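# Chain and residue survey
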Amino acid sequence: MPKFIVFLGPPGAGKGTQAQLVAKEFDFPHISSGDIFRENIKNRTDLGLKAKGYMEQGDLVPDELTISMIQERLEREDCRDGAILDGFPRTPAQAKSLEKILADLGGQVNIVPFINVPEEVLVRRLSGRWICRAEGHVFHELHNPPKKAGICDYDGSELYQREDDEEETVKNRIKVYFQKTRPLIEYYQTAGLLKEIDGDKPINDVVEELKNVISQAI
Ligand code: ADP
Ligand code: AMP
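Below: a short report on this structure. (Residues numbered from 1 in each chain as written. Chains lettered and ligands numbered in written order. Predicted model: local features only at pLDDT ≥ 70, side-chain atom pairs only at ≥ 80, totals over all residues. Heavy atoms only, no water.)

Bringing the site of ligand 2 into the picture now. Taken together, 16 residues lie near ligand 2, and S33, R38, D59, G87 and Q94 sit nearest. Between ligand 2 and R90, the relevant distance is 2.9 Å, taken from a nitrogen atom to a side-chain nitrogen or oxygen of the residue. Here R162 contributes a side-chain N or O atom positioned 3.0 Å from an oxygen atom of ligand 2. Considering every element that reaches the shell around ligand 2, the biggest residue donor is helix α2 (residues 33-42), with 4 residues. For the shell around ligand 2, a count of residues per class yields 5 nonpolar, 5 polar and 6 charged. (Near = heavy atom within 4 Å. Polar contact = N/O pair within 3.5 Å; in protein donor to acceptor, adjacent residues only side chain to side chain. Helix = DSSP H or I, 4+ residues; strand = E, 2+ residues; numbered from the N terminus. Nonpolar A, V, L, I, M, F, W, Y, C, P; charged D, E, K, R; others polar.)

Quick look at the structure:
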């Protein structure tokens, strides 16, 4: 039975950073809805054109577009044993659709690690974030700097700062998180799947805790 892990947490909590590390450890694909949208924008696809305006404002892309994109991704062969979801679901409607999609694939959500970080830390994290052009590897200029400034340690591609990491957009993204995504915490708590992790610790400490809770659940 395929097993799915859903990473929850505010923007800047460390979901992408941790999902990349945990995916390697458990040999699962790391599926980031934000990365897929950015790839579509880069390639100027129809979906990318539709998503761009929402992302630039720090608003959510509408559910119908997001859900069909994720469904298509989860139906691919590399997800036959499961996957790590980072950034999806972000609304109750997305969470309900995910259950149906996974049931059709013969699977379910096995655990929902909620990476919790105080709000005042998030802006500092996002304003120092650098991302690689090739694969979205994540760095921070102080907390997780690349060996060579501006260059990805893993694939040598150029690092850039996301336009939506600019302070005003970050504030809107955090507001949207509290309005639309935060209710999922109660949803998954009620389902008995939520595991809260203190994300305000060094990256290596957070990953150890995550590996522990995930290995007990899958
Ligand atoms: P999210 O995917 O939740 O938006 P990221 O994984 O992209 O968050 O992390 C946001 C920024 O914070 C990145 O620059 C990352 O390097 C940095 N970061 C991630 N985890 C930690 C941590 N535990 N301590 C300090 N900085 C971190
Ligand atoms: P992220 O890379 O997770 O920070 O997401 C970047 C942006 O992509 C968000 O601010 C949204 O505009 C969009 N996005 C990513 N995932 C979703 C989702 N599940 N639902 C709606 N919009 C999303």
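On to the environment of A51, then. In this structure, A51 sits in helix α3 (residues 46-57). Put simply, A51 and R38 are 13 residues apart on the chain and 8.9 Å apart in space, counted from C-alpha to C-alpha. Those residues within four positions of A51 in sequence are excluded, and the remaining contacts are F37 and V61. (Contact = heavy atoms within 4.5 Å.)

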